[in-house]
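# Results of the structural survey
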Amino acid sequence: MTDATSHTPKLAIALLLALIPASLHAQAKIFFANNYGATPDGTTLNTAAIQKAIDAAAAANGTITLKPGTYLTGSLFLKSGVTLDVPEGVTLIGSERLQDYPILPTRIAGIEMIWPAALINTRDQQNVTITGKGTIDGDGPIWWSSYWVLRKAYEPRGLRWASDYDARRPRLILFQNSENIHLGGGITLKRSGFWTVQVLYSHDITIDGVVIRNNKGGKGPSTDGIDIDSSKKVLVAHADIDVNDDALCLKAGRDSDGLRVNRPTEDVVIRDSIIRHGAAAVTIGSETSGGFRNIEAYNITALAGVPSGVLFKSAHVRGGWAKDIRIHDLDLQGVAIPIHITMNWNPSYSYATLPPDLKDPPPYYITLTTKVSEDKGLPHFSDVHIWNIKATGAKKAFDVAAYPNAPLVDFKIDHLNIEAATAGTIANAKNWTMTDNTIKTGDGSKVTFTDSIGEANPQDVPYGEPK
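Only a predicted model underlies this, so the values are computations on that prediction, with no experimental measurement involved. (Residues numbered from 1 in each chain as written. Predicted model: local features only at pLDDT ≥ 70, side-chain atom pairs only at ≥ 80, totals over all residues. Heavy atoms only, no water.)

## Quick look at the environment of glutamine 176
Tracing the backbone shows glutamine 176 in strand 13 (residues 173-176). Accessibility expressed as a relative area gives 6% for glutamine 176, which makes it buried. Each C-alpha atom of the pair glutamine 176 and arginine 254 lies 17 Å from the other, and the pair is 78 residues apart in sequence. A polar side-chain atom of glutamine 176 sits 3.4 Å from the main-chain carbonyl oxygen of proline 105. (Helix = DSSP H or I, 4+ residues; strand = E, 2+ residues; numbered from the N terminus. Buried < 20%, exposed > 50% of the residue type's maximum accessible area, 1.4 Å probe, protein only. Polar contact = N/O pair within 3.5 Å; in protein donor to acceptor, adjacent residues only side chain to side chain.)

## Looking at the pattern of salt bridges
Enumeration according to the criterion identifies 19 salt bridges in this entry. Across the pair lysine 251 and glutamate 287 runs a salt bridge whose closest N-O atoms are separated by 2.7 Å. Linking lysine 251 in strand 19 (residues 248-251) with glutamate 287 in the loop between strand 21 (280-284) and strand 22 (292-302), this pair joins segments that are 36 residues apart in sequence. The exposure classification of lysine 251 matches that of glutamate 287, with both residues buried. Look at the salt bridges and you will find they share partners, linking Glu112, Asp257 and Arg260 into a network. (Salt bridge = Lys/Arg side-chain N within 4 Å of Asp/Glu carboxyl O.)

## Re helix 3 (residues 141-154)
Residues three or four positions apart in an α-helix share a direction because the helix packs 3.6 residues into each turn. Spanning 14 residues, helix 3 covers 20 Å between terminal C-alpha atoms, matching the ideal 20 Å at 1.5 Å per step. Looking at the packing, one finds that the buried side of helix 3 touches helix 4 (163-166) and helix 7 (363-369). (Expected span 1.5 Å × (residues − 1). Contact = heavy atoms within 4.5 Å.)

## Quick word on helix 2 (residues 47-59)
If you check helix 2, its first and last C-alpha atoms are 19 Å apart, about what 13 residues at 1.5 Å a residue would give, namely 18 Å. Looking at the buried residues of helix 2, the elements they touch are strand 1 (30-32), strand 2 (41-45), strand 3 (63-65), strand 4 (69-73), strand 5 (76-77) and strand 7 (90-94). Directly beyond the C-terminal end of helix 2, a positive phi value near 50 degrees is found at asparagine 61.

## Topic: the pairing of strand 19
Going residue by residue along strand 19, you find Leu248 and Leu250 tucked away on one face and Cys249 and Lys251 tucked away on the opposite face as well. The pairing of strand 19 with strand 21 spans two bridges and is classified as parallel. Its bridge partner being in strand 21, leucine 250 is matched across the sheet by isoleucine 284. (Pairing = 2+ DSSP bridges.)

## Things to note about the packing of aromatic side chains
Considering all chains together, one arrives at nine aromatic pairs under this definition. Ring geometry for tyrosine 101 against tryptophan 143: centres 5.9 Å apart, planes inclined by 90 degrees, an arrangement best described as edge-to-face. Of this pair, tyrosine 101 sits in the loop between strand 7 and strand 8 (103-108) while tryptophan 143 sits in helix 3, and the two are 42 residues apart along the sequence. For tyrosine 101, a relative accessible area of 3% gives the class buried. For tryptophan 143, a relative accessible area of 6% gives the class buried. Judged by centre distance (4.6 Å) and plane angle (0 degrees), the rings of phenylalanine 411 and tryptophan 432 are stacked. (Phe/Tyr/Trp six-rings, centres within 6.5 Å; stacked < 30°, edge-to-face > 60°.)

## Re the environment of lysine 67
Tracing the sequence through the fold places lysine 67 in the loop between strand 3 and strand 4. Here lysine 67 falls in the partly exposed class, since its relative accessible area comes to 43%. Residues lysine 67 and glutamate 88, spaced 21 residues apart in sequence, show a C-alpha to C-alpha distance of 9.5 Å. If we skip the residues at most four places from it in the chain, lysine 67 touches Phe32, Asn34 and Val90.

## Quick word on the nonpolar core
Judged by nonpolar contacts, the single largest core of 100 residues is most densely connected at Ile226, Phe312 and Phe398. Of all the elements, strand 26 (residues 380-401) adds the most residues to this core, at nine residues. Within the second largest apolar cluster, 18 residues are counted, among which are Ile108, Ala109, Tyr349 and Leu368. (Core = buried A, V, L, I, M, F, W, Y, C linked by side-chain atoms within 4.5 Å.)

## Concerning unusual backbone geometry
In this structure, serine 286 follows glycine 285 across a cis peptide bond, with omega equal to 5 degrees. Along the polypeptide, serine 286 turns up in the loop between strand 21 and strand 22. Backbone geometry places tyrosine 201, a non-glycine residue, at a positive phi of 50 degrees. In this structure tyrosine 201 comes out as buried when scored by relative accessible area, which is 8%. For serine 230, which is not a glycine, the phi torsion comes out positive at approximately 50 degrees. Take serine 230: it is sitting in the loop between strand 17 (226-229) and strand 18 (232-242). Residue serine 230 is classed as buried on the basis of its relative accessible area, which comes to 2%.

## Digging into the confidence of the model for the chain
Averaged over all residues, the pLDDT of the chain is 92; the fraction at 70 or higher stands at 91%. Here residues 1-26 scores under 50 on pLDDT; set against residues more than four positions off or in separate chains, the count is two contacts. Note that residues 455-467 has pLDDT below 50 and, in this model, 38 contacts with residues that lie over four places away or in other chains. (pLDDT = per-residue confidence, 0-100.)

## Focus on the side chain of arginine 191
If you trace the backbone, arginine 191 turns up in the loop between strand 14 (179-190) and strand 15 (197-200). For arginine 191, the side chain forms a polar contact with the side chain of aspartate 139, separated by 3.3 Å. Sequence-distant contacts of arginine 191, defined by excluding residues within four places in its chain, comprise Ile93, Asp137, Gly138, Asp139, Gly140, Pro141, Trp144, Arg213, Asn214 and Lys216.

In structure tokens, the structure reads:
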């Protein structure tokens, strides 16, 4: 028999080797941007200094961090193996000069084109973390103002649809063609010039513990919270979002270009989050061309000022599909429309037509105005389960419509508890089942089905069996 005590010194040494070198090892891999010339005065442009620190950290799979203060910067590019730590007391604030954001190939609002880089970029990388309890601030008001000025000039010319593409506003954070990415740790993201976080053509992404605030200093147009765009294996959890457009949104390309790329968003979980302001608790679309599969969203609270609970939106030139969608356990407090589905969303934006007097349009105008045939353009949503939705203070329980030749198929709606002024309508439905729902309406109305196969009382009877 071996004497157990003979192993004690070896065990103690092993423990020390496991603990002490690990501490030294971690210290050796922390890179302060200040040591590379970064100045926290809020006015010195620190792009080059911070990027030098990132590059040094990348060579050692290390962590870049900063001493307390405000750091003005243009686009930064994280590299594989790097952790960006933005500790409490640190703010990274974006430059107000467009030239500080390099123009690079990407996808923006559903089409591939060149566009200003985001403030924080992870492109073609892996194993990257962004964390800390500090703040990343896009200094959005200057970009928001530029958009409104351009849009005011464009609308009379029939170019409303071009506004988002011509007003080049930097996103706050972009993950593009990347994998094994983590964002969270209580970080605050605010005043994004355009979308706050875009996950594009990426997989194995975790966003857990972010605070997004885009309504300070004005309401930022198109300041989406988190957009998951033609990506897969994504988890979003513990997000606290206050924005002026889609909050938690799934996208997959627009019209002819989205159909060409044809990349779905799939295997996504969104959970345990709160939406204070935004277009909806959960949004799919309007960019639907590549399709959606295996999506689950649950334990989400949306407060008054959020117009929709579940929002599916597309257009008859967008195409695409959605199936195996599961949305449940939502708490909607003062949300106007708990279940909102439109396949003819925002026509002045969705349907692009070149004005006849427009000379020499940019290439992306041609992309946006390329016609899509009806057989490819109609979106097809099916196999959707929505349950355990509690809604109070609603205006209309349902506002649902698709197309007679592209109905919403095989929806299961159960265990809703909705208090609304009126019940609303469901159009273009096929094989819906609605059971164990309580819908109390101020005007005594019940949900009206039109242009649908089978009709029944959706409050307490299954719906979907043809008459």
